[in-house]
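Chain and residue survey
Listed below are the residues making up each chain.
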Amino acid sequence: QVQLVESGGGLVQAGGSLSLFCAASGRTSSAYVMGWFRQAPGKERDFVGAIIWTGVTNYADSVKGRFTISRDNAKNTMYLQMNSLKPEDTAVYYCAAKRGVVTTSQFGYDYWGQGTQVTVTS
């Protein structure tokens, strides 16, 4: 089993920045694909981006150029740097992990964190 814990959420004004962290423990592996998803009230859980062990990333069009995902395999930690935040970025952000290749579907991920709230005010 792999346990994931997110941190770093909070309240920020539009145009501001926020960093999220995802710490992995248990039977972790640098080979896992690590992903970020978000879910706004009343909406489905959407793909934000993902990173593989080599550092190659994949982003949703809505966050490209504003969000950056990175990981430190030695520390079993993934990061999400969010810049130029917009009110529509408001959501609960989840980190997730899976074996195999990157997928943008939440149903392809095996492990999930509990989520952290990000609220962007206008």
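Everything here concerns the structure above.
Model, not experiment: these values are computed from the prediction.

Relative to the helices and strands, T116 is located in strand β11 (residues 116–121). Setting aside anything within four residues of it in sequence, one finds T116 in contact with E6, S7, G8, G9, L20, A91, V92 and Y93.

Glancing now at the nonpolar core. L4, W36, M82 and Y93 are the most contacted members of the largest nonpolar core, which has 35 residues in total. Going through the elements one at a time, β1 (2–7), β3 (18–26), β4 (33–39), β5 (45–51), β7 (67–72), β8 (77–82), β9 (91–98) and β11 are the ones with two or more residues in this core. With five residues, β9 is the single largest residue contributor to this core. Sequence-distant contacts of L4, that is, excluding residues within four places in its chain, are made with C22, A23, A24, M34, C95, A96, A97, Y111, W112, G113 and Q114.

Quick look at the state of the cysteines now. One pass over the structure, following the stated rule, counts one disulfide. The disulfide partner of C22 is C95, and the gap between their sulfur atoms is 2.1 Å. Because the torsion about its S-S bond is 60°, the bridge between C22 and C95 counts as right-handed. With C22 in strand β3 and C95 in strand β9, the pair connects residues that are 73 residues apart, well separated along the chain.

Attention now goes to the environment of A40. You can see A40 is positioned in the loop between β4 and β5. For the pair A40 and A91, spaced 51 residues apart in sequence, the C-alpha separation works out to 4.2 Å. Here A40 is in contact with T90 and A91, once residues within four sequence places are set aside.

This part is about the environment of G113. Along the chain, G113 falls in the loop between β10 (111–112) and β11. Ignoring sequence-local partners within four residues, the contact set of G113 consists of L4, E6, Y94 and C95.

Another point: the side chain of E6. Structurally, E6 can be placed in strand β1. It is R45 that comes nearest to the buried, bridge-free E6 among opposite-charge side chains, at 7.4 Å. Within polar-contact distance, the side chain of E6 engages the backbone nitrogen of Q114 at 3.0 Å. A polar atom in the side chain of E6 sits 2.8 Å from the backbone nitrogen of G115. Leave out the neighbours within four places in its chain, and E6 touches F21, C22, W36, Y93, Y94, C95, G113, Q114, G115 and T116.

A few words now on the sheet that holds β1. Hydrogen bonds along the backbone pair up the strands of a sheet, which may run parallel or antiparallel. Taken in spatial order, the four strands make up an open sheet running β1-β3-β8-β7, and their pairing is antiparallel. The open sheet has two edge strands with one neighbour each: β1 and β7. Across this sheet, the average inter-strand angle for adjacent strands is 15°, counted without regard to direction.

The rules we used
Residues numbered from 1 in each chain as written. Predicted model: local features only at pLDDT ≥ 70, side-chain atom pairs only at ≥ 80, totals over all residues. Heavy atoms only, no water. Helix = DSSP H or I, 4+ residues; strand = E, 2+ residues; numbered from the N terminus. Contact = heavy atoms within 4.5 Å. Core = buried A, V, L, I, M, F, W, Y, C linked by side-chain atoms within 4.5 Å. Buried < 20%, exposed > 50% of the residue type's maximum accessible area, 1.4 Å probe, protein only. Disulfide = S-S within 2.5 Å. Lys, Arg positive; Asp, Glu negative; His and termini not counted. Salt bridge = Lys/Arg side-chain N within 4 Å of Asp/Glu carboxyl O. Polar contact = N/O pair within 3.5 Å; in protein donor to acceptor, adjacent residues only side chain to side chain. Pairing = 2+ DSSP bridges. Axes fitted to C-alpha atoms, helices over the stretch in contact; angles between N-to-C directions.

Treat this as a map of the structure, not an account of what it does.
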